[in-house]
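# Secondary and tertiary structure notes
Now for the letters of each chain:
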Amino acid sequence: TTNLMDNYTVYFGRVLSNSFYPVLQRAIGVGSAFEGWSPREQDVVYRVLIPMTPPRGHSFHLELESAEERPVRNFRVRVQLECTCTREQQGDNMLCFLHHPEEELRRNQDPSLLDTLCTSSYLDVEKTARWFYQLVRAIWPALPQAHNWHLTLLPSTRSCQVKVSNGRESFRIEMLFGVRRDDSDIFVSSQAREAHTPSTTWPESCAVAEMKFFKHIAKVAPRDSMHLKCLQFFTRLTLGFGFSTYTTKRIVMHLLNVTPVSSWRRRDFLQRLEDVSECLHLCVRAKRLNHFIVGNQRLPENISLPPDVQRGQSYNLLHHLEQHSAAHTQAMYEYQVL
């Protein structure tokens, strides 16, 4: 997957070099497959996030949709035209979208990003996904993998999902795209967090920061560390129950952050499983599980956060148990069964 995406990145650069579409950066592997564990080993989705930067003559501005406390904050990406007259004076053959007549622009230059992938000045996720599908399909025959592998495009409205197969094995890859917040490891991403996410809504994503946390743990943990096996085992154990993989992952991350890595060796496996179970019990009983990234002052130094995320007040990932007594009763019952 990494080799395939690196090859795609090279061709993205060639195809889009003189266009006014978003500039696509090298893909970042995120999610369980790249963190070293997966709840469903036979049905792994290799998820990558492709950072986008604005093309020439454009800038991106992230706007928070609502300041209210919620598990996932939503942003919009406003696209703004920038003056490029000085570039033209320096010999660049690009016309300035702001200061050249519209007729001349239509006749001599491709449309701006505002006229292709935007809705009311905001970058549109669904339009971007459709454009991205066309790009992936068009570039595929030029890639080395095309000689031995077959590409199948899978339906999706907010990402690009593909399956590559060679008759013996196959891989599912989901390509998400996002815009980095400042120079941090926090992005606004195309991945939907709610059932009906508007096409101009980009939810905030901590996936890159979480992946870097697991990479940090892998560097400092002993060779026989079982932290990933522990996470994988417990997420599989809870399949079919109302406890999400997201919840289990956050509990293990919190434990890794406060328990010495030397305490996750093979001999400690059962004890760590009991710790995860007890932590889940306490969280369900208290109806509270804090977000791992937001407001966490104990993260490794190589994880970069925007000030509002770093100093923000952590919010409750089990807030639905506070709001609905029936859901809390059901969760307590399922924990006893588990």
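Overview of the structure. These numbers come from a predicted model, not from an experiment.

## Regarding the overall build of the protein chain
Helix and strand counts for the protein chain come out as 12 helices and 12 strands. By principal-axis analysis of the C-alpha atoms, the protein chain measures approximately 70 × 50 × 35 Å. Across the 338 residues of the protein chain, 48% fall into the buried class. In the protein chain, the share of contacts with a sequence separation of at least 24, taken over all contacts with a separation of at least 6, comes to 62%. Accessible area of the protein chain: about 17,300 Å², with a carbon and sulfur share of 47%. The distance from the centre of the 39 positive side-chain charges to the centre of the 35 negative ones in the protein chain is 6 Å.

## A word on the layout of surface pockets
Approximately 960 Å³ is the volume attributed to the largest pocket. Lining of the largest pocket is provided by 37 residues; of these, Arg47, Gln191, Arg193, Tyr246 and Arg250 occupy positions nearest its centre. Sorting elements by how many residues they give to the lining of the largest pocket places helix 8 (residues 245-258) first, with 5 residues. The residue inventory of the lining of the largest pocket, partitioned by class, reads 15 nonpolar, 11 polar and 11 charged. Two domains each donate at least three residues to the lining of the largest pocket, and these are domain 1 (1-206) and domain 2 (221-337).

## Comments concerning the side chain of Lys249
Within the fold, Lys249 resides in helix 8. What Lys249 contacts, discounting residues up to four positions off in sequence, is Glu35, Trp37, Glu210, Phe214 and Leu231.

## Details of empty space enclosed by the protein
This model, assessed by the stated rule, comprises 2 cavities of 30 Å³ or more. Lining the largest cavity we find Val30, Leu49, Leu176, Ser189, Gln191, Arg193, Ser205 and Ala207. A breakdown of the residues in the lining of the largest cavity according to their chemical character gives 4 nonpolar, 3 polar and 1 charged.

Rules used throughout
As a convention, each chain's residues are numbered from 1 in the sequence order in which they are written. A pLDDT threshold of at least 70 governs which residues receive local features in this predicted model, and a stricter bar of 80 or more applies before side-chain atom pairs are shown or counted, although totals over entire chains, interfaces and linings include all residues. Side-chain figures throughout are based on the complete set of non-hydrogen atoms in the structure, without hydrogens or water. Helix and strand definitions here come from DSSP, where helices need a minimum of 4 consecutive H or I residues and strands a minimum of 2 consecutive E residues; each element is numbered from the N-terminal end. Here the term buried applies to any residue with accessible area under 20% of the maximum for its type, exposed to any over 50%, and partly exposed to those in between, with areas from a 1.4 Å probe on protein chains only. Whether two residues touch is decided by their heavy atoms; if any such pair falls within 4.5 Å, the residues are in contact. Computed with the Shrake-Rupley method and a 1.4 Å probe, the accessible areas treat only the protein chains shown as cover for residues. When charges are counted, neither His nor the chain ends are considered; positive counts come from Lys and Arg and negative counts from Asp and Glu. Here the site of a charge means atom NZ of a Lys, CZ of an Arg, CG of an Asp or CD of a Glu. A pocket, in this scheme, is an open set of points on a 1 Å grid over the protein atoms alone with protein on both sides within 12 Å along at least 5 of 7 lines, while a cavity is a set where a 1.4 Å probe fits but cannot get out; residues line either one if an atom lies within 4 Å of a point. Grid points are joined across faces, edges and corners, and a volume is the space filled by probe spheres set on the points. As a working rule, the residues Ala, Val, Leu, Ile, Met, Phe, Trp, Tyr, Cys and Pro are called nonpolar, Asp, Glu, Lys and Arg charged, and the rest polar, with Gly in that last group. Where each domain starts and ends comes from a domain assignment, either automatic or drawn from a database.

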